[in-house]
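# Working through the structure, step by step
The lines below spell out each chain.
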Amino acid sequence: MDHRDILTRFKNGDLGREQAAALLTGAHPDSAAGEAPLTTAVAPARAAVSQPPPARALTTAPAGGGPPDPADGYAITALYGRFPDADGLDAFWHTAVLGGRDAGRRTSGSPGGAGDFDAVFFGLTPQDAALMDPQERLLLEVLWQTLETAGCTGARLDTLTAADGEPRAVGVYVAHDPVGRAVAAQAPAGDAPAGAGVTLPARLSTLLDLRGPGHCVGGGGAAFLVALHQALSALRAGECGAALVGAVGLRPGPDRRHPEGGEGGEGVGAVLLRPLAAARAAGDTVHAVVRATAVAHPGRRARDAAADRLARRALAAAGVTAAGVGLRETETTVAATTGDTGAATGLTALVRAVLQLRHGTLLPAPGDSSAAPWTRPHEESGRELPRRATVAVRPTAGSTAAHVLLEEPPRRGPEPITAGPAAASGELVLLSAPTPEHLAATARRLADRVLPANTAADGTQHGRRLLAALARELRLGRAVRDCRLAVVARDTGELGAALRAFADGRDGAGDQDGAGDQDGAGAGGARGSVRCADLRGAQGPGVLFGELPETRAYLAALWRGHRLDALARLWLAGVDVTAAGTAGAAPVLPLPTSALLRRPLREAGCPATDGPTPS
C-alpha cells in the first residue's frame, strides 16, 4: 500500500488517524509513491466498507472469506441517549410513538441541561468543569452512563482486553458540532473551552481511564456513523475489546436555528460495541447487531446516487438483499421527531432503528399518526428471518455519506436468573459513590426503580436468586468509590426497605466502621441494617494489598465460604473485595445508573442556596 492509498483510505474513513500515521511512518523510503506528485492522478472515489467478522478466537469462516455467517457481526450491548424533554430512551420512545413533529417533537431547552454538571462525580474541580466545552461535559456523562448500563464501570471493565491482553481496552470515538461563538464567548480571555477538537477522545479516555484508541469526527449529519465505522475497524484489528461511540449536537443561543427554517434539535448519546460472539459469551444484553457499514465522500456525484451506491455496498457486504430490509431511517425521519440534530443526526437515526427492532413496532412515518406492528419476514420456504433496518445519512456540501445495516439480535429463549446458589441466609449488597450525598441518592434511585416499596417480600427460590443476581451485578458492574455502604438482606423487599431508610437518614448513619456480629457462614450483623463508611480522608494502602495474589485468593475464599460479615468489614475498611471470585459468566442485569447531582456551573465554587438536582 503506497502513500496515496493510505491517505485515500484515511479520508474515506477506512483508517483511523493512528493507523494512518503508523502506516505512513513505516512505509519504505524508496516507495514510488513518495516520489510521485500527488496531483498526477486521482483514483476514483470508493466506498469504505466495514464488514464485521466473527470474534478471532471463534473464527469458523474459510480463509477465502465470503458472505458473513448470520451469527457474525458486532453487538450493540448498551445505548443511552438524552434529548430535550426526553432524558433517557424510554422517554424518547414515548415521544417518537406519539407521532411526528407536531405531536412529539421537543426543541425547548438542552438535553439534560448543558449548563448543569456534576463535577465532583467525575473528580473535577468546578473551575475546570466550567472551562470545558459543554459538548464535552454532556459526552462525559453519557459515555459513563452507557458503560454503567452495560455493567462495565467496575471489575467487569478489566475483562475488556485488546489483542495484546491490555485491560480496560475500550476505544472512544466521538462526533460533535463545532464550538459556537456563544460557547467560546463564555470562556475567559485566552482560555478556549478545553477538549474542543481532536483532543476530545484523549481527554475522555483519561477521565474514564480507558486504554483503547480514539478518534474525533467533527460536524456533518453522518459524523456519528463515520465514527462508528472507524470504531469497527479498530475492533476488527484487535486494538480494543469494546468501543464507545458517542455524538452530541448542541446549539446554544442563536445557533439553534434549523438550516431550513425553524429551530434545530439537540441530542447526545452513545453506544457500546463488542464482537457478537464475545458479547453473548459474557452474558451481555444485545440490543441489535451491526452487520455492515459503508462510508464515502460523494465527490461531484449527486448525493442521491452516492447514497444508493453505499446502500448497495453495505447490503452486498452482509449478503442481504434490499427486500430483506424492513426499515430505513434517514435524516428525514429523524427531523420529523427531533429536528436537525447536527452531528447527532446519525445517532438519533440509529437509536430510532434500534428501539423499533427492540419493540417490534414501526414508528409513524412523517405525516402518519400511529405506530404499527412490525412482523418478521419469511423465506419462500416459510423460515422466519430476522428484522433488519438501515440507517443512512446523505451527504451535504463538503460532508460524508454513511450507511449502516442493523439486524435484531439472535433469538434466544428466556434466560433464567443465575448467580450461584440461592443463600437463604442472605446476600451481601455493596454500593459506593464519591460523596455521602451521591451514595444516598444512588441508594434511593436503586430502591425506587428496582425495589418498589409496595413489593411483597419474596422469600422463594426465585426471589433469592433475583437478589443474588442484583448483588452480583452491583459488585461486578460498578466502579469502586470512597463512600461505601454494605447491607445483608434475605429478599428484595428487605433490601429496598434498608436502602430507603439509609437514604432518609434513619439508618446506618451511626455505624461508620462496619461493626457487626462475629463472622459466620451467612452472618452479617443485623440483617437489613445498612453499614457505611466515608474513606475520602483515609491514608495509606489500607488493611490489605489488593494486588497480591495471596490477597485475591483470601478474598475469593471468603466469597466461597459466604463470610459476609468479614467481607463487609474489609469493604468498609477500604479493601476492594469486588473483583475476587468472579469466575463464570452470568447475564448482565440492567440496573439504573448512578445518581448525578448536577449544579449550575455559574454557581460553581460558591455556597449553594439550592440543593443539587439529581439526574
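Structure first, text after, so check above.
Throughout what follows, the structure given in this document is the object of discussion. (Residues numbered from 1 in each chain as written. Predicted model: local features only at pLDDT ≥ 70, side-chain atom pairs only at ≥ 80, totals over all residues. Heavy atoms only, no water.)

### Quick look at the overall build of the protein chain
Along the backbone of the protein chain there are 18 helices and 19 strands. Accessible area for the protein chain stands at about 26300 Å²; split by element, carbon and sulfur atoms hold 53% of it. (Helix = DSSP H or I, 4+ residues; strand = E, 2+ residues; numbered from the N terminus. Areas by Shrake-Rupley, 256 points an atom, 1.4 Å probe, with all protein chains shown as cover.)

### Overview of the pairing of strand β13 (residues 388-393)
Burial analysis of β13 places six of its six residues in the buried class, which makes it a mostly covered element. Residues Arg388, Thr390 and Ala392 point to one face of β13 and Ala389, Val391 and Val393 to the other, with burial holding for every one of them. Of the strand pairs in this sheet, strand β10 (residues 327-329) and β13 are connected by three bridges, and their pairing is parallel. Residue pairing across strands places Arg328 opposite Thr390, the latter belonging to β13. Note: β13 against strand β14 (residues 401-407), six bridges, orientation antiparallel. Across the sheet, residue Val393 finds its bridge partner in β14, namely Ala402. (Buried < 20%, exposed > 50% of the residue type's maximum accessible area, 1.4 Å probe, protein only. Pairing = 2+ DSSP bridges.)

### What to know about the sheet that holds strand β16 (residues 483-489)
Strand pairing in a sheet relies on backbone hydrogen bonds. The paired strands run either parallel or antiparallel. Read across the open sheet, the three strands follow the order β15-β16-β17; overall the sheet is antiparallel. The open sheet has two edge strands with one neighbour each: β15 (427-433) and β17 (531-534). Here the strands of the sheet are splayed against their neighbours by 15 degrees on average, with no regard to which way each runs. For β15 and β16, the ladder comprises seven bridges, and the chain directions are antiparallel. Bridge assignment links Ala433 to a residue of β16, and that residue is Cys483. Strands in contact with helix α16 (residues 492-503) are β15, β16 and β17; relative to β16, the strand with the most contacts, it is inclined by about 145 degrees. (Axes fitted to C-alpha atoms, helices over the stretch in contact; angles between N-to-C directions. Contact = heavy atoms within 4.5 Å.)

### Remarks on the side chain of Thr348
Looking at the secondary structure, you find Thr348 in helix α13 (residues 345-359). With sequence-adjacent residues up to four places away left out, Thr348 is seen in contact with Phe83, Phe92, Val334, Thr338 and Thr341.

### Some points on the packing of aromatic side chains
Going through the model one piece at a time under the given rule, you end up with five aromatic pairs. Ring centres of Phe117 and Phe122 lie 5.7 Å apart, and the angle between their planes is 10 degrees; this geometry places the pair in the stacked category. Note on Phe121 and Phe122: the rings are 5.1 Å apart at their centroids and 75 degrees apart in plane angle, and the pair reads as edge-to-face. Given the relative accessible area of 4%, Phe121 is considered buried. Residue Phe122 is classed as buried on the basis of its relative accessible area, which comes to 10%. The ring of Trp571 has Arg484 sitting right over it, with the charged end atom 4.4 Å from the ring centre. (Phe/Tyr/Trp six-rings, centres within 6.5 Å; stacked < 30°, edge-to-face > 60°. Lys NZ or Arg CZ within 6 Å of the ring centre and 35° of its normal.)

### A short note on the packing of helix α12 (residues 331-338) against α13
Remark: α12 packs on α13, axes separated minimally by 9 Å, with the N-to-C direction vectors making an angle of 85 degrees. By the angle between their axes, α12 is roughly perpendicular relative to α13. On α13, the residues touching Glu331, Thr333, Val334, Thr337 and Thr338 of α12 are Thr345, Thr348, Ala349 and Arg352. Residues of the contact of α12 with α13, tallied by class, amount to two nonpolar, five polar and two charged. (Parallel < 35°, antiparallel > 145°, perpendicular 65-115°, else oblique. Nonpolar A, V, L, I, M, F, W, Y, C, P; charged D, E, K, R; others polar.)

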